[in-house]
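# Architecture and fold: a report
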Amino acid sequence: MDSNAIGKKVRRSEDKSLYKHVYFGDLVLNMMRAWQGAIGVVKSEGMVSPAYITAIPTSQLYPLFMDYCLRRDEAISQMNHLSYGITDFRKRLYWDSFINISCHIPSIYEQEKITDFFSQLDDIITLHKRKLDGLRKLKEGYLQQMFPQANERVPRVRFEGFSGEWKERKLGDVAEIVRGASPRPIDDPKWFDNNSDVGWLRISDVTAQGGRIYYLEQRISIEGQAKTRVLTEPHLLLSIAATVGKPVINYVKTGVHDGFLVFKNPIFEQEFMFQWLEMFRLQWQNYGQPGSQVNLNSDLVKSQLILLPSEIEQVIIGKFFRNIDEQITAQAGKLELLRKLKAAYLQKMFI
């Protein structure tokens, strides 16, 4: 990188109260976190903490071009390599090292065209993210309105044709709730077999797939299956470890470890209960001490009270929320595709 193009470094103030004025086009970076992406170009006039170093680009640089150049994976990787420190927490990038980062700079005209292209792509990504956020907020609002809340017996919003109070039941009365099982020691390779048709459910799968499991990368062996609980049909599950209270439905053959509860032989509509558990998820925190990790178990879950409507109303509510979930999944897929597209263009359009 040409330090003459970046311009003169503005000395960091030792007085923490002295925030620095920055203007459009200024480069701002945190030398302790630059290798994690804490770097960028100012898009509007403002103030920054004295913890940041700022630099004023010269006329050789088109405003915001460096923002895209320095946010590439390759540039971040170089910053990481050039940073010093025993641990990640204490790593620091020094200015003399920073200006050695490789970033080829074309003509001002080409910089302008590249910046405009990525700016338009960013605008599209922002619009898609807003749409995704809007769908998630819409679902959250409907969950609060279409399930009775505390001290209520009917929901505030209801489909036409339904009336009357929902009936109170215990979860343990509407399903046989059992815990999964894990072979021990869990890291023994004999429990796993890539050729097995039964997957091994991990919490990372739940997080990645939003609770609806259509694929499991890790496969459990015949020997391992004898040590766990194998499901060959879709079942409702509940995570009681890591992401506590997260509901799950498996749509593939699944080995369930002891970090999950399984709802067997239910007398409720599965999709309805999945959505209720999603709505109720934060309430499980009431079972733990303030500031501590909640430790759910089958007895606590079995004793939890729930209000249930008629079976047909459960079906309609479940379908309604499943439709929203499908829209959220589709929108999330579009957003991820756009982000990958941007990453690919950053690879191809910079030397």
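Residues numbered from 1 in each chain as written. Predicted model: local features only at pLDDT ≥ 70, side-chain atom pairs only at ≥ 80, totals over all residues. Heavy atoms only, no water.

On to the packing of aromatic side chains, then. All told, the structure shown has 19 aromatic pairs when counted by the stated rule. With centroids separated by 5.9 Å and ring planes inclined at 25°, the aromatic side chains of Phe-147 and Phe-321 adopt a geometry described as stacked. Of the two residues, Phe-147 sits in the loop between helix H5 (108–146) and strand S7 (167–170) while Phe-321 sits in helix H11 (residues 311–349), which places them 174 residues apart along the sequence. For Phe-147, a relative accessible area of 0% puts it in the buried group. Centre to centre, the rings of Phe-159 and Phe-320 are 5.6 Å apart; their planes meet at 75°, and the pair counts as edge-to-face. (Phe/Tyr/Trp six-rings, centres within 6.5 Å; stacked < 30°, edge-to-face > 60°. Helix = DSSP H or I, 4+ residues; strand = E, 2+ residues; numbered from the N terminus. Buried < 20%, exposed > 50% of the residue type's maximum accessible area, 1.4 Å probe, protein only.)

Okay, H11 next. End to end, H11 covers 57 Å across 39 residues, agreeing with the expected 57 Å (1.5 Å per residue, within 8%). Close packing links the buried residues of H11 with helix H2 (65–70), H5, strand S10 (212–213), helix H9 (270–280) and strand S16 (305–308). (Expected span 1.5 Å × (residues − 1). Contact = heavy atoms within 4.5 Å.)

Of all hydrophobic cores here, the largest spans 69 residues; its most connected members are Met-79, Phe-98, Phe-147, Phe-263, Met-273 and Trp-276. Broken down by element, the residue count for this core peaks at eight residues, all from H5. If sequence neighbours within four positions are ignored, Met-79 has contacts with Ala-34, Trp-35, Ile-39, Leu-70, Leu-93, Phe-98 and Ile-101. In this structure, Ile-213, Val-256, Phe-260 and Val-262 belong to the second largest nonpolar core, which totals 11 residues. (Core = buried A, V, L, I, M, F, W, Y, C linked by side-chain atoms within 4.5 Å.)

Glancing now at the pairing of strand S12 (residues 236–239). Residues Leu-236 and Leu-238 line one face of S12 and the alternating positions Leu-237 and Ser-239 line the opposite face, and both faces are buried. Inspection of the sheet shows S12 paired to strand S13 (residues 247–250) by three bridges, in the antiparallel sense. Paired with Leu-237 across the strands is Val-248, a residue of S13. Sheet topology note: the S12/strand S15 (residues 260–264) ladder contains four bridges and is antiparallel. Looking across to S15, one finds that Leu-238 is bridged to Leu-261. (Pairing = 2+ DSSP bridges.)

Okay, helix H3 (residues 73–82) next. Residues of H3 that are buried: Ala-75, Ile-76 and Met-79. For H3, the angular spread of the buried residues around the axis is 100°, confining them to a single face. Turned more than 90 degrees away from the buried face of H3, the exposed residues are Asp-73 and His-81. (Arc of directions from axis to C-beta.)

With that out of the way, let us pick up empty space enclosed by the protein. According to the stated counting rule, one finds one cavity of 30 Å³ or more in the structure shown. In this structure, the largest cavity occupies an estimated 50 Å³ of space. Around the largest cavity, the lining residues are Gly-25, Leu-27, Val-41, Pro-57, Leu-61, Tyr-62, Pro-63, Leu-64, Phe-65 and Met-66. A per-class count over the lining of the largest cavity returns nine nonpolar, one polar and no charged. (1 Å grid on protein atoms, 1.4 Å probe; cavity = no way out; pocket = protein on both sides within 12 Å on 5 of 7 lines; lining within 4 Å. Points joined across faces, edges and corners; volume = space filled by probe spheres on them. Nonpolar A, V, L, I, M, F, W, Y, C, P; charged D, E, K, R; others polar.)

With that settled, consider the pattern of salt bridges. Taken as a whole, this structure holds 16 salt bridges when the rule is applied. Here Asp-325 ties to Lys-139 by a salt bridge, and the two come within 2.7 Å at their closest N and O atoms. Of the two residues, Asp-325 is situated in helix H11 and Lys-139 in helix H5; the sequence distance between them amounts to 186 residues. The same class applies to Asp-325 and to Lys-139, which are both buried. Salt-bridge contacts for Arg-158 lead to Glu-313; the nearest nitrogen and oxygen are separated by 2.8 Å. Highlighted residues: Arg-158 in the loop between H5 and S7 and Glu-313 in helix H11, separated in sequence by 155 residues. A network of salt bridges, in which partner residues are shared, links Lys-139, Arg-212, Glu-271, Arg-322, Asp-325 and Glu-326. (Salt bridge = Lys/Arg side-chain N within 4 Å of Asp/Glu carboxyl O.)

Across a sheet, strands are paired by hydrogen bonds formed along the backbone, either parallel or antiparallel in direction. Strand order across the open sheet formed by three strands is S9-S14-S11, with mixed pairing between neighbours. Every other strand in the sheet has two partners, leaving strand S9 (199–200) and strand S11 (229–231) as the edge strands with one partner each.

When pLDDT is averaged across the chain, the result is 89; 92% of the residues are at 70 or more. Per-element confidence in the chain ranges from a low mean pLDDT of 50 for strand S1 (residues 9–10) to a high of 98 for helix H6 (residues 171–174). (pLDDT = per-residue confidence, 0-100.)

For the rest of this paragraph, the subject is the packing of H5 against H11. H11 packs onto H5 with a crossing angle of 160° between their chain directions and a minimal axis gap of 10 Å. Considering their axes alone, H5 and H11 lie roughly antiparallel with respect to each other. For the pair H5 and H11, the sense of crossing is left-handed. Here the contact of H5 with H11 is built from residues that sort into 22 nonpolar, three polar and nine charged. (Axes fitted to C-alpha atoms, helices over the stretch in contact; angles between N-to-C directions. Parallel < 35°, antiparallel > 145°, perpendicular 65-115°, else oblique. Left-handed = near helix turned anticlockwise from the far one by under 90°.)

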